[in-house]
Amino acid sequence: YFLGAILSASQDPNVHFKYIQAASRCGNMQEVERVCRESTFYEPTVVKDFLKEAKLPDPRPLIYVCDLHGFVDELTEYLYKNSLMKYIEVY
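Since we're looking at a predicted model, the values are computed, not measured. One numbering rule holds for all chains: residues counted from 1, following each sequence as written. Local features in this predicted model are restricted to residues whose pLDDT is 70 or higher, and side-chain atom pairs enter the listing and the counts only when it is 80 or higher, whereas totals over whole chains, interfaces and linings include all residues. Hydrogen atoms and water are omitted, and side-chain values are computed over all heavy atoms in the structure.

Visitor: Talk me through the overall build of the chain; I want residue IDs and the actual numbers.
Guide: Numbering of helices and strands starts at the N terminus; helices are DSSP runs of H or I of at least 4 residues and strands are runs of E of at least 2. Within the chain, the secondary structure is distributed over seven helices and zero strands. Each helix and strand of the chain, ordered N terminal to C terminal, gives the series α-α-α-α-α-α-α. The globule rule used here is 2.2 Å times the number of residues to the 0.38 power, and the radius of gyration it is set against is calculated over C-alpha atoms. For 91 residues, the compact-globule estimate of 2.2 N^0.38 gives 12 Å, and the C-alpha radius of gyration of the chain, at 13 Å, lies within 12% of that figure. Summarising its shape, the C-alpha atoms of the chain cover approximately 35 × 25 × 20 Å along the three principal directions. The rule is simple: take the accessible area with a 1.4 Å probe, protein chains only, and divide by the maximum for that residue type; under 20% is buried, over 50% is exposed, in between is partly exposed. Every one of the 91 residues in the chain was classed for burial, and the buried ones make up 41%. Contacts between residues were defined by any pair of non-hydrogen atoms, one from each residue, lying within 4.5 Å. Within the chain, contacts between residues at least 6 apart in sequence are counted, and of these 47% link residues at least 24 apart. Accessible surface for the chain amounts to roughly 5700 Å². Of this, 53% is attributable to carbon and sulfur atoms. Using a 1.4 Å probe, the Shrake-Rupley method yields the accessible areas, and only the shown protein chains count as cover for residues.

Written out as structure tokens, the structure reads:
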């Protein structure tokens, strides 16, 4: 929660990335999804790579990052390789 207070006032990409990391490691997927969808200050490639490595149970944060920043080919490849076909169909 400490980073949450800083996040709204920060434009530092590292702060936004650390917040995404912390929220995902704590299992707060709604917050990961919200920051990936609403923030424009994180480094897209770094966040995308982290989310792919984290293999979250719900790939929606990764879908938001990839869709907003043009990584659609990588997204579909990742979803296909990890047998997440229902997310490809919905996307």
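Still to come is the rest of the account.
Visitor: Residues and numbers for the pattern of salt bridges, please.
Guide: When a carboxyl oxygen of Asp or Glu lies within 4 Å of a side-chain nitrogen of Lys or Arg, that pair is called a salt bridge. Counted by the stated rule, this structure contains ten salt bridges. Arg60 is the salt-bridge partner of Glu33, the closest N and O atoms lying 3.9 Å from each other. Taken together, the residues Glu33 in helix α3 (residues 29-38) and Arg60 in helix α5 (residues 60-69) connect sequence positions 27 residues apart. Across the pair Asp58 and Arg60 runs a salt bridge, and its minimum N-O distance is 2.5 Å. Salt bridges sharing common partners tie together Glu31, Glu33, Arg34, Arg37, Glu38, Asp58 and Arg60.

Visitor: Which residues make up the state of the cysteines, and what values go with them?
Guide: For the purposes of this analysis, a disulfide is any pair of cysteine sulfur atoms at a distance within 2.5 Å. Going through the model one piece at a time under the given rule, you end up with zero disulfides. Distance from the sulfur of Cys66, which forms no disulfide, to the nearest cysteine sulfur (Cys36) is 9.7 Å.

Visitor: Got a sec to walk through α5? Specific residues and values, please.
Guide: Listing the buried residues of α5 in full gives Pro61, Leu62, Ile63, Val65 and Cys66. Of the surrounding secondary structure, the elements contacted by the buried residues of α5 are α3, α4 (44-54), α6 (72-81) and α7 (85-90). Gly70 sits one or two residues past α5 and shows a positive phi near 80°.

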